[in-house]
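Here is how the chains run, residue by residue.
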Amino acid sequence: MMVTPAPLTAPKKLEIEEIAAAVRDRFGPAVLVSRGQGGVVLSVSLFEPTTHPPISKMLFWDMGCSFGGIVVEELKGKWRLSYLFLSAGCGWVEVLVEAPSTVSALPSISSEVHAADWHEREAEDLFGLRFEGHPRLGDFILHDQMWPEGVAPHRKLHRELIDVHQEHFRRRPNSEWRPLLVVQDPGAFAMPVGPIYEGGLGQSVHFLLETVGEDVVRAVPRLFYNFRAVEKIAEEQPVSRVLLLAERFAATSSFAHSLAFCLAVERISSTQVPARAKNLRILLSELERLRHHAGAITGICESTALSVATSQAAIIEERLLRACCQFTGHRYLFGLNTPGGLRRDFSAESCTELLKAIDRAVADLHALEDGLYFTSSFLDRLEDVGIVDPDKARDLNFVGPVGRASACSGDLRRDCPYEGYETYQFEVPREIEGDGYARLRILFQEAYQSARLVQQATHRLEPGQISAPCEPLSGGVALGWAEAPIGPALHWLRLDASGLVERYRVMTASFNNWLGFRVAVEDFAFQDFPIILATFGLSPTECDR
Amino acid sequence: MSFWFWRGLQKGVQTTRYPRAYENAAGVTPGRPVATQFSSAHEAALAAQVCPVGAITPQDNSARVNLALCIHCQRCHFGDEPVMEWRSDYEWTRLPDTQQRYEPLPKAYKRSLHIIVVDAGDCGACLHEVKQLNTPFYNMHRLGMFFTATPRAADLLVVVGPVSENMRVPLLKTYEAMPNPKKVLAVGTCAISGGIFGQSFVSAGGVSSILPVDLEIPGDPAPPLAILHGLLVVTGRKAPVGHESASERSS
Amino acid sequence: MNEWIGRVLVLFFAFCGCGLVLSAVMRGRYAMRVLVGFSAVCSALMMIAAAFALAGGHTFSVSLWRLDGFGSLSIRLDMLSAIFLFAAGLVYFPASIFVKNFVESRFQGQYPLSRYGVMHFALMASVVLILTAGDAPLFLISWECMSILCYLLVNYERPRNGDGRAAYIMLAMSEAGFLAVVVAFAVAARMSPDWSFVALAAATAHLSSGAIWGIFVLGFFGFGVKAGLVPVNFWLPRCYTATPAVFIPVLAGVTLNVGFYGILRLNADIARPHGIGPGLLALFVGSVTALVGILYATTENDMKTMLAHSSIENAGIIVAGIGASLVFRASGYGLAAAIALTAALYHMVNHSVYKTLLFQGAGEIEAATGTRDMDSLGGLARLLPALSVVFLVGCLSIAAIPPFNGFVSEWLTLQSLLRSASLVSPAIKILFAICGAALALTAALAVTCFVKVYAMSFLGIRRGEWKLRAPKRIRQPHFALVYLASACFLLGILPTYIIPVLNRAVEPLAGASATASLVPPFFTATPQNQQLPAAFLHDFHNLGAQVGGSVLPGKGMVVLVRGAEQNPVIFAMSTFYGFVALALFVIVTWLIVARLTRRHEVVRNELWAGGIPRLLPEMSYTATGFSNPVRVVFQAIFRPDIVEDTRKTVAVHFRTAILRRREEEHLVDRLFFHPVGDAIGWFARLLARMHHGKLNAYVAYTLCFFLLILLLYRLS
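All values derive from a computational prediction rather than experimental measurement.

## Section: the overall build of chain C
Right, on to step 1. Across its full length, chain C carries 27 helices and six strands.
Right, on to step 2. For 716 residues, the compact-globule estimate of 2.2 N^0.38 gives 27 Å, and chain C sits close to it at 27 Å.
Right, on to step 3. With respect to the principal axes defined by its C-alpha atoms, chain C has extents near 100 × 90 × 60 Å.
Right, on to step 4. In chain C, which comprises 716 residues, the share counted as buried stands at 55%.
Right, on to step 5. Intrachain contacts of chain C at a sequence separation of at least 6 include 78% that bridge at least 24 residues.
Right, on to step 6. Of the roughly 30,600 Å² of accessible surface on chain C, a fraction of 66% belongs to carbon and sulfur atoms.

So this is what it looks like as structure tokens:
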């Protein structure tokens, strides 16, 4: 039985002026509020870093902003940290903290905005910046068991790290290392899962499930087994090469990431993308979302061992993959985006073929959905399992379909539209139970909405240009964003004067959601763990970059 | 639960007939660039410059392709510059450059192969394609191939990804935990040459710098049929590409 | 034969006395050898005397002194006593040999060996006197000596092992039980000329059923203290945990049996119940005891406490068998009663053997590693391979896995409960069914419990921080443990030889012989044999029941239980043939595999754990985790209070430590010990109001009491 989504209550819509006024009123001379640049609508510069936690708290809790991420830059002689908040309907608000290079520690905001926890840990691991008041720094990206102390690979002075002959980084594991175990109960133990589990068919992630026997009391995920330092190897590279990196670090959402990257470049060079390219970009984004959700549904059926349903869902997904390949030449939509538009055009016949394939996929999805909701043994494993309360979801800033299942209905396509989404008709589904069944329903609903968007995009295609020239690129700073299938993808870019990338920062939805994943797993039995993992559908490799 | 039984029967058989018959359906492979003749050396040089990773090298009037470096960015497929010819095939499993011939697994494994997969920094696409082998369209079980959960029962190690530093030790441990005879198959351009990630302080630039690789399957990602072809080569039921036509191999 | 028994008994007491004197007097390194040697000889003599008695088949009886008013003190060795005497000797032998390991090596001179030796021989003598007493005064005097000696021996290593509170509880309960038993004997002796067992048995035939009930309840719970029955067994886990390893085999293997002996002697032999009520009570209490015991054993991590709870479980099974036998006897089904009683006695013998083995094994583990906590053990199979094999035999036996002895007695017990189909009243059949289900559940939980014990102690990787001590003991298994393991094995595969021996004791108590129906003469049966129908014999011969008839003596290797007339089913079991088949299967498989893999090379590599660099001890399953499902499912019984203390740091969403403590009050403590203790305390406080220290009031009390006595004297 399908639950009709609750009436759409969009998050608080505030005007820029309201936010600016509120900040000025409360913090007065300690801040400078100004218009932002490069996609950011409001920039709050702090003179005093200690005002940072209260401001963040006000933005996140009182004004209902969601947290995007932290961009750490090492400029000449100083650190520049940009904390990005999204006010729905208004835009991106950045809180700018600048500190001299010699600063030892900055105040941590993770006690107020818990979602910033991992962003600060990443900054500490990669840049060596300490955050005072953070409960747990270290052993994050550079696993303590493998990496020596004091290595901050993203510092500028480590540029030569790209050179492979730095042998002292290839170490043997430290045999004295012990994991930090939280549960102190006589008889408690930590069951290790991964990094190679499920026969290696799952992306590499390691869990220590602390338990006293039946229920998981504490689940600690250890990520970054797939860390390839995309942000670092992008430095001093031309945009065309970094575009390839943006496409390929998380290939199952590759179009969304490359789109966010291209939007950032277009914002820097102020390029107007032609209308046909915009519509095609929406079409391709939604095609990718539809295919991704079919894959996620396959994963959920597989985790509950409902073999026939798994096969049915896998058939839908493979057909969509083949439709993508037939339409664009690549199964995962590589090589389509370019700054300024798209690299190739599509004929009307191929659009018609694509629509046929999508209609067939939607019909199959409806049939599968009816069958699944009819199977009580399947629903038993999803209902009331892996529950994330709306309060916790808001607290830990869950995004994407996972957030929408727990009443956090943020969606960049609606809250901060790009490429013309504001002119399209679509709904953003929302559920409040926050269990596995709600997440499954969200996946199906979003898949149908994506098909609807593809049809609308096809009908709006007017003949025209598919790209506008972007070269030559000069210096600038911009933020590009897109709603990837797992959630918001933010690509922050700073180009130097010759058009090479000076700083490339990627903030992904998986990174956000992995922080709060353990909340869903704790206090449920071991047997539910793989199912909860599948209903979240998070990608470790998207988080690791 | 007879409902799902009937539902499954209604769908019919979707499985490809490969390797009995060559699979021609649309969308099974992105294809690959092949050596192309141009009208002048200048055009061949221009075509070669299009490739961001140097997989195309000009040689007089023609441009040669080293598929082991190709990352399927499709810049040589469509665009303003002169483009290469593309072929829609998928049987491109090759020997590593350092090897001359391939010794398949003993006869007992010909129709019974157990595989363990390790994700060593993969972007997700190659791993996803490997997972598709278990779906009704490709169904590798009918060929006697299975994924195992533990390397102790595995004959073949499939590695995807350029081997990130944090996965180096788990990959080595997996290899050491496998009993003899064992083979290593590197799937995807990243696993062969590091792909776009190359060699860095966190990327080994390919499996061959960590483990002895027996066979390679280029592609970014390698489509499921290419991987299936590769598995058939591992068991000796098909021959690798490098073995057949040495002219396609790079200098 | 009889005079030989007498001579052996005299020899026994002589050796015992010599051993006692020599232990008290001797010092130096020969003291230990004297102790061990004399003790071993004494236990061998016990077994010889019992063997002679069983072989002869007659009761040996001799009078000692006369006491005025009580009759003469006498020694009487009948079949029941002989069985128990043999079991006691069987346990005392390895217990004696093993003393050396525990006393000498660790506490050189800290606790004087002479004290131990004296008490050891005195206890041995008093146990034999209890088992061979022919009349109540000798029985009761030696019982009291045994209680006190047990208390002293439990406190042998007192300053090291705690404050002696546990032993004090045991002593208090023993005294309470003793009082109940004395009153029971007094009631029985009301109409009897003297206090000898023969006379008492004759006299109680004329008692009213109310008096029989009274004797039963007092005797059952009075002896039940020593036997470990709910609700009077709350001293047992505490006491066993505090007992030093040198004494615990005797405490668990011998004195527990003495409780059963008392129950059988008083309630089955002397004051046999007329109705089925007492038997039903025994059956019910036994089943509840078994279930409670195994539940706490499964969830306990301290090895000694776990084995204590397991002793409670086995005591419950034995008493359930006894109860079933009483019910059948009172209903007139002598054969069923005999089967049930055979099962109970068999289980008693088996339990002594494997419990001793397990306790000694646990003592070895504690000596080798310094810890008894199963949560921190692990990996001992590599370090102590010989001990792991014999301990495995003990675990398999107690978990009732064929072909070991636990299987035979559990099987017989459950079979005898199935015979309740022949009873008339449906309510009683339902009660039997419930008790049977409870015992089946106990058997299943016992498997869980001992899988956990063996796996968590010996298998896996080391979880705690202990280091292995005493390396030279690693290679060779101790003779005592091998002896006990062999006894487990032999008692398991030769039930058809044991049952006729037990039958000698069962027959007078149950009124029928079980041998013929349990052990049919397959080897010697001819078609003309009238006992069994010809078609039946033919079928079983086709199944191979007579295989081995030409080489093995006796009646056959198959144990048979047949249903009643309404239920003509046959249950047959042969652990011997099962073992032979298993051995053949293993050998053939090994040969095939060796042949097929002769060209394979075995490579040893480190553990695969998903690719992590090293599997740390904190990542392996603990004993608590293994038994957690049982704790969760039976939460209503355990009623744990889980106190969760979480220490929060600066960030509310991030906890650095989650501390959980579990506090549990034992079911019997919660329902019986503490309420009774509180009631007694309340009553004592009430009485304390009388002790206010005012002299005038005390004089008034004396006056009132004097007047009361005068009044009573006047009235009577």
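From this point on, the discussion continues.
## Here we look at the nonpolar core
Right, on to step 1. Counting residues in hydrophobic clusters, the biggest one holds 210 residues, and the most contacted among them are Leu123, Phe139, Phe185, Tyr240, Leu412, Phe432 and Phe450 of chain C.
Right, on to step 2. Ranked by the residues each element gives to this core, the list is headed by helix H14 (residues 334–369) of chain C, at 20 residues.
Right, on to step 3. Aside from chain neighbours lying at most four places away, what touches Leu412 of chain C is Ala343, Tyr346, Ile499, Leu518, Val559 and Val561 of chain C.
Right, on to step 4. Counting residues in hydrophobic clusters, the runner-up holds 85 residues, among them Leu106, Val113, Val193 and Ala520 of chain A.

## Quick notes on the sheet that holds strand E9 (residues 183–187) of chain B
All names here are of chain B.
Right, on to step 1. Here we have five strands laid out as an open sheet, ordered E7-E6-E8-E9-E12, and parallel in their pairing. Looking at which strands have only one partner, the edges of the open sheet turn out to be strand E7 (145–147) and strand E12 (215–217). Within the sheet, the average angular offset between the axes of one strand and its neighbour, ignoring direction, is 25°.
Right, on to step 2. Strand direction decides the pairing type here: strand E6 (residues 113–119) and E7, joined by three bridges, are parallel. Within E7, the position partnered with Leu113 by the bridge is Met145.
Right, on to step 3. Helix-sheet contacts for helix H4 (residues 168–177) involve E6, strand E8 (156–160) and E9, and the interaxial angle to E8 is about 165°.
Right, on to step 4. Along the sheet face, helix H6 (residues 224–234) touches E6, E7, E8, E9 and E12 and points at about 170° away from the line of E12.

## Let's talk about the interface of chain B and chain C
Right, on to step 1. Counting residues at the interface gives ten residues for chain B, matched by seven residues for chain C.
Right, on to step 2. Here chain B packs against chain C, burying approximately 660 Å² in sum over the two surfaces, 53% of which is carbon and sulfur.
Right, on to step 3. On the chain B side of the contact with chain C, Arg152, Lys173 and Glu176 of chain B bury the most area, a combined 59% of that side's loss.
Right, on to step 4. In this structure, the connection of chain B to chain C is made through one salt bridge.
Right, on to step 5. Note that Glu606 of chain C is salt-bridged to Lys173 of chain B, the shortest N-O span being 2.3 Å.
Right, on to step 6. Here chain B and chain C share four residue pairs in polar contact (both at pLDDT 80 or more) between them.

## Here we look at the packing of aromatic side chains
Right, on to step 1. The final tally for this structure, using the stated rule, is 57 aromatic pairs over all chains.
Right, on to step 2. Here Phe517 of chain A and Phe529 of chain A contribute two aromatic rings whose centre-to-centre distance is 6.3 Å and whose plane-to-plane angle is 65°, an arrangement assigned as edge-to-face. Of this pair, Phe517 of chain A sits in helix H15 (residues 509–521) while Phe529 of chain A sits in helix H16 (residues 529–536), and the two are twelve residues apart along the sequence.
Right, on to step 3. Cluster of aromatic residues (ring-pair linked, three or more members): Phe84, Phe139, Trp143, Phe185, Phe197, Phe223 and Tyr261 of chain C.
Right, on to step 4. The aromatic ring of Trp481 of chain A is capped on one face by Arg267 of chain A, whose charged end is 4.2 Å from the ring centroid.

## Some words on the interface of chain A and chain B
Right, on to step 1. Across the contact, 71 residues belong to chain A and 66 residues belong to chain B.
Right, on to step 2. Taken together, the two surfaces of chain A and chain B that pack against each other cover about 6,100 Å², and 61% of this comes from carbon and sulfur.
Right, on to step 3. Counting every contact that joins chain A to chain B gives three salt bridges.
Right, on to step 4. The residue Asp364 of chain A makes a salt bridge to Lys11 of chain B at a minimum N-O spacing of 3.5 Å.
Right, on to step 5. At the boundary of chain A with chain B, the tally comes to 28 residue pairs in polar contact (both at pLDDT 80 or more).
Right, on to step 6. Listed by contribution, the elements that provide at least two residues to the side of chain A that touches chain B are helix H4 (230–233), helix H5 (239–248), helix H8 (307–328) and helix H9 (348–373) of chain A.
Right, on to step 7. By residue number, the principal contributor to the side of chain A that touches chain B is H8 of chain A, which donates 14 residues.
Right, on to step 8. Counted by class, the side of chain A that touches chain B contains 37 nonpolar, 20 polar and 14 charged residues.

## Examining helix H4 (residues 113–132) of chain C
Right, on to step 1. The terminal C-alpha atoms of H4 of chain C lie 29 Å apart, and with 20 residues this matches the ideal 28 Å at 1.5 Å per residue to within 8%.
Right, on to step 2. Along H4 of chain C, 16 of the 20 residues are buried, which leaves the element largely enclosed by surrounding structure.

## Comments concerning the confidence of the model for chain C
Right, on to step 1. For chain C, per-residue confidence averages 86 on the pLDDT scale, and 92% of positions sit at 70 or higher.
Right, on to step 2. Scoring of the predicted complex yields 0.85 for pTM and 0.92 for ipTM.

## Quick notes on the side chain of Asp435 of chain A
All names here are of chain A.
Right, on to step 1. When you line up the elements, Asp435 lands in the loop between helix H13 (412–415) and helix H14 (436–459).
Right, on to step 2. The buried charged residue Asp435 lacks any salt bridge partner; its closest oppositely charged side chain belongs to Arg441, at an N-O distance of 5.2 Å.
Right, on to step 3. In this structure the side chain of Asp435 is engaged in a polar contact, spanning 2.9 Å, whose partner is the backbone nitrogen of Ala438.
Right, on to step 4. With sequence-adjacent residues up to four places away left out, Asp435 is seen in contact with Leu382, Glu383, Asp384, Val385, Gly386 and Ile387.

## A closer look at the packing of helix H2 (residues 30–56) of chain C against H4 of chain C
Residues and elements named next belong to chain C.
Right, on to step 1. In contact at an axis separation of 11 Å, H2 and H4 are set at 5° when each is read in the N-to-C sense. In terms of orientation, H2 lies roughly parallel with respect to H4. From H2, Ala31, Met32, Leu35, Phe38, Ser39, Cys42 and Met46 reach across to H4, where they touch Leu113, Tyr116, Gly117, His120, Phe121, Met124 and Val128.
Right, on to step 2. Of the residues contributing to the contact of H2 with H4, the split by class is eleven nonpolar, three polar and no charged.

## Notes on the side chain of His52 of chain A
Right, on to step 1. Among the secondary structure elements, His52 of chain A is positioned in helix H2 (residues 52–62).
Right, on to step 2. Dropping the residues within four chain positions of it, His52 of chain A is found in contact with Leu46, Tyr83, Val95, Val97 and Ile109 of chain A.

## Some thoughts on the state of the cysteines
Right, on to step 1. Applying the stated criterion to the full structure yields zero disulfides over all chains.
Right, on to step 2. Cys51 of chain B provides the cysteine sulfur closest to Cys73 of chain B, a residue in no disulfide bond, and the two sulfurs are 5.9 Å apart.

## Here we look at unusual backbone geometry
Right, on to step 1. The linkage connecting Tyr18 of chain B with the following residue, Pro19 of chain B, adopts the cis geometry, with an omega of 5°.
Right, on to step 2. Structurally, Pro19 of chain B is set in the loop between helix H1 (2–11) and strand E1 (32–34).
Right, on to step 3. Omega for the peptide link from Pro402 of chain C to Pro403 of chain C comes to 0°, which places this bond in the cis form.
Right, on to step 4. Turning to its location among the elements, Pro403 of chain C is positioned in the loop between helix H16 (385–398) and helix H17 (405–418).

## Considering the sheet that holds strand E14 (residues 476–484) of chain A
Note: strands within a sheet are paired through backbone hydrogen bonds, in either parallel or antiparallel orientation.
Residues and elements named next belong to chain A.
Right, on to step 1. With respect to topology, three strands assemble into an open sheet ordered E14-E15-E16, the strand pairing being antiparallel. Both outer strands of the open sheet, E14 and strand E16 (501–507), are each paired with one neighbouring strand and no more. Averaged over all pairs of adjacent strands, the angle between their axes in this sheet comes to 15°, without regard to strand direction.

## Observations regarding the environment of Ala116 of chain A
All names here are of chain A.
Right, on to step 1. With respect to the helices, strands and loops of the structure, Ala116 is situated in the loop between strand E6 (105–107) and helix H3 (117–127).
Right, on to step 2. Of the residues examined, Ala116 reaches a relative accessible area of 0% and is grouped as buried.
Right, on to step 3. Here the alpha-carbon distance between Ala116 and Phe524, two residues 408 residues apart in the chain, equals 26 Å.

## A look at the pattern of salt bridges
All names here are of chain A.
Right, on to step 1. Counting across every chain of the model gives 50 salt bridges over all chains.
Right, on to step 2. For the salt bridge of Asp139 with Arg222, the shortest nitrogen-to-oxygen distance reads 2.9 Å. Highlighted residues: Asp139 in the loop between strand E7 (130–132) and strand E8 (183–184) and Arg222 in strand E11 (residues 216–222), separated in sequence by 83 residues. In this structure, Asp139 and Arg222 share a single accessibility class: buried.
Right, on to step 3. Overlapping salt bridges bring together Glu286, Arg289, Arg404, Asp411, Arg413, Glu446 and Glu483 as one network.

## A look at the pairing of E6 of chain B
Residue and element names in this part refer to chain B.
Right, on to step 1. Of all seven residues making up E6, six are buried, and the element is well covered by its neighbours.
Right, on to step 2. Considered for its hand, the β-α-β crossover made up of E6, helix H3 (residues 125–131) and E7 is right-handed.
Right, on to step 3. Summarising the sheet, E6 and E8 pair through five bridges and their orientation is parallel. Bridged to Ile115 within E8 is Leu156.

Rules used in this analysis
Throughout this description, residue numbers start from 1 for each chain and increase along the sequence as written. Just so you know, chain letters begin at A and ligand numbers begin at 1, following the order they were written in. The predicted nature of this model means local features are confined to residues of pLDDT at least 70 and side-chain atom pairs, given and counted, to a pLDDT of 80 or more, with totals for whole chains, interfaces and linings taken over all residues. Just so you know, side-chain values use all the structure's heavy atoms and leave hydrogens and water out. Helical segments are the DSSP runs of H or I of at least four residues, strand segments are the runs of E of at least two, and each set is numbered from the N terminus. Using C-alpha atoms as the atom set, the radius of gyration is obtained and then compared with a globule rule of 2.2 Å times the number of residues to the power 0.38. Only protein chains enter the accessibility calculation, which uses a 1.4 Å probe; a residue whose area is less than 20% of its type maximum is buried, one above 50% is exposed, and one in between is partly exposed. Whether two residues are in contact is decided by their heavy atoms: any pair within 4.5 Å suffices. Methods summary: accessible areas were calculated by the Shrake-Rupley approach with a probe of 1.4 Å, and residue burial reflects only the protein chains presented. Take the buried residues of types Ala, Val, Leu, Ile, Met, Phe, Trp, Tyr and Cys, join any two whose side-chain atoms come within 4.5 Å, and each joined set is a nonpolar core. At least two bridges found by DSSP between two strands are what make those strands a pair. Angles shown run from 0 to 180 degrees and are taken between the N-to-C directions of axes, each axis being a line fitted to C-alpha atoms and, for helices, limited to the stretch in contact. Computed with a 1.4 Å rolling probe, the buried area is the accessible surface lost when two parts are put together, summed over both parts. Note on definitions: salt bridges are taken to be side-chain nitrogens of Lys or Arg within 4 Å of carboxyl oxygens of Asp or Glu. Counted as a polar contact is a pair of N or O atoms within 3.5 Å, where, for protein atoms, one must be capable of donating a hydrogen and the other of accepting one, and residues adjacent in sequence contribute only when both atoms are in side chains. Only rings of Phe, Tyr and Trp enter the pairing, Trp through its six-membered ring, and a pair is recorded when the two centres are within 6.5 Å. The plane angle decides the type: under 30 degrees is stacked, over 60 is edge-to-face, the rest tilted. Only when the NZ of Lys or the CZ of Arg is both within 6 Å of the ring centre and within 35 degrees of the ring normal is a charge said to sit over the ring. When residues are sorted by character, Ala, Val, Leu, Ile, Met, Phe, Trp, Tyr, Cys and Pro go into the nonpolar class, Asp, Glu, Lys and Arg into the charged class, and all the rest, Gly among them, into the polar class. Each residue after the first adds 1.5 Å to the expected span of a helix. One number per residue, pLDDT, summarises how confident the predictor is, and it ranges from 0 to 100. Note that His is not counted, nor are the chain ends; the positive residues are Lys and Arg, and the negative ones are Asp and Glu. Reported orientations rely on four angle classes, namely roughly parallel under 35 degrees, roughly antiparallel over 145, roughly perpendicular from 65 to 115, and oblique for the rest. Two cysteine sulfur atoms form a disulfide, by the criterion used here, when they sit within 2.5 Å. Note on handedness: a clockwise path from strand one over the helix to strand two, with the strands aimed away from the viewer, defines a right-handed crossover.

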